[in-house]
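One letter stands for each residue in the lines below.
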Amino acid sequence: MTMLKPLLAIVLASLMASCAESPTGRRQMLLFSDGEMSQMGGTAFDEMKKKMTINTNSATNRYVSCIADAITVSLPAEWRGSWELVVFEEASANAFALPGKKIGVHTGIFQVAKNADQLATVIGHEVGHVLAHHSAERMSVQSLAGTGTQLVGVLLGEGTGKETVMGLLGLGTQFGVVLPYGRAQESEADIVGLDLMAKAGFNPAASVDLWKNMSALSDGQPPEFMSTHPSHSSRIKDLQRQMVTAKPLYEKAKANGIRPACKL
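Residues numbered from 1 in each chain as written. Predicted model: local features only at pLDDT ≥ 70, side-chain atom pairs only at ≥ 80, totals over all residues. Heavy atoms only, no water.

## Quick look at the overall build of the protein chain
In terms of helices and strands, the protein chain carries ten helices and five strands. Buried residues in the protein chain amount to 46% of all 264 residues. Counting only contacts in the protein chain whose residues sit at least 6 apart along the sequence, the fraction spanning at least 24 positions is 71%. Carbon together with sulfur atoms contributes 56% to the accessible area of the protein chain, which is approximately 12700 Å² in total. (Helix = DSSP H or I, 4+ residues; strand = E, 2+ residues; numbered from the N terminus. Buried < 20%, exposed > 50% of the residue type's maximum accessible area, 1.4 Å probe, protein only. Contact = heavy atoms within 4.5 Å. Areas by Shrake-Rupley, 256 points an atom, 1.4 Å probe, with all protein chains shown as cover.)

## Focus: the pairing of strand 5 (residues 102-106)
Counting buried positions over the five residues of strand 5 gives five, a clear majority of the element. Residues Lys-102, Gly-104 and His-106 of strand 5 are buried on one face, and the alternating residues Ile-103 and Val-105, pointing to the opposite face, are buried as well. Sheet topology places strand 3 (residues 84-88) next to strand 5; five bridges connect them, and they run parallel. In the sheet register, Val-87 faces strand 5, and the bridge partner there is Val-105. (Pairing = 2+ DSSP bridges.)

## A few points about the packing of helix 9 (residues 206-217) against helix 10 (residues 232-255)
Relative to each other, helix 9 and helix 10 sit at 175 degrees, their axes nearing to 9 Å. For the element pair helix 9 / helix 10, the angle class is roughly antiparallel. Listed contacts from helix 10 to Ser-207, Val-208, Trp-211, Lys-212, Met-214 and Ser-215 of helix 9 are His-232, Arg-235, Ile-236, Leu-239, Gln-240 and Met-243. Of the residues assigned to the contact of helix 9 with helix 10, the class counts are six nonpolar, four polar and two charged. (Axes fitted to C-alpha atoms, helices over the stretch in contact; angles between N-to-C directions. Parallel < 35°, antiparallel > 145°, perpendicular 65-115°, else oblique. Nonpolar A, V, L, I, M, F, W, Y, C, P; charged D, E, K, R; others polar.)

## Quick look at the environment of Cys-262
For Cys-262, the location among the structural elements is in the segment after helix 10. A relative accessible area of 8% places Cys-262 in the buried class. Spatially, the C-alpha atom of Cys-262 lies 9.3 Å from that of Ala-70, the residues being 192 residues apart in sequence. Residues in contact with Cys-262, not counting those within four places in the same chain, are Tyr-63, Cys-66, Ile-67, Ala-116 and Phe-202.

## Brief notes about helix 2 (residues 34-51)
Relative to the 26 Å expected for 18 residues at 1.5 Å per residue, helix 2 spans 26 Å between its end C-alpha atoms, a close match to the ideal helical length. Those residues of helix 2 lying buried are Met-37, Met-40, Gly-41, Gly-42, Ala-44, Phe-45, Glu-47 and Met-48. (Expected span 1.5 Å × (residues − 1).)

## What to know about the nonpolar core
If you look at the biggest cluster of nonpolar residues, it comprises 42 residues, and the most contacted ones within it are Ile-67, Ile-71, Ile-103, Leu-119, Ile-123, Val-127 and Phe-202. Of all elements in the fold, only helix 3 (58-73), strand 4 (95-98), strand 5, helix 4 (116-131), helix 8 (183-199), helix 9 and helix 10 reach the threshold of two or more residues within this core. The element contributing the most residues to this core is helix 4, with eight residues. Counting eight residues, the second-largest nonpolar core is a separate cluster that includes Met-52, Val-86, Phe-88 and Phe-96. (Core = buried A, V, L, I, M, F, W, Y, C linked by side-chain atoms within 4.5 Å.)

Printed below as a string of structure tokens:
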């Protein structure tokens, strides 16, 4: 026990030093640096571009880029700059964003995102995951649980942890490892994303329509207590409550002449 005390003190000091606060004020444990996460995110994105079919339709790419650019240009200073966007030919109604400023959009998302405001809801949500360091948070939890000891060393290079890293970055469904974001992270990304889209000049009310479309597309959901994601109805209620913050941001953007003309 005497020998363990110094080690325990070092571990506790490391954990205290790694405490952070999310954009909504939620306490987080982050054991991975932005540089490490950016490296993993960039390598994961390169892997996806090799394995998945990239959409080359110019009109589709202009449309999605218009929305993504409008959102990312209005981000806090440390998150601005060049975000890489790729549209993938995939039937699933999905999108994702990765550390290292990477955004992927599946063509299947157009089944539910019927206009630019609704697609801005999706992209804003995914960028919100990155701004809130959700991938780093999940990896930190896994590391503390004893299953992530090889994560930093792997960095998506060699090793058996490659699929695990992909899943922790939020790419589990694409690579057969289902490690979805938790309900707290999903709800937080909804809130952060709603404010991001509103600041960029997209109508936040469209977020409710998007989730109504998503609910209509899905053949029911498991009970919320059985799922790591909030139910569609819970998401809609939370978004409606958040309108008290998002609508003034949208009105301010419009007053400042910010209204992206993104059309497919």
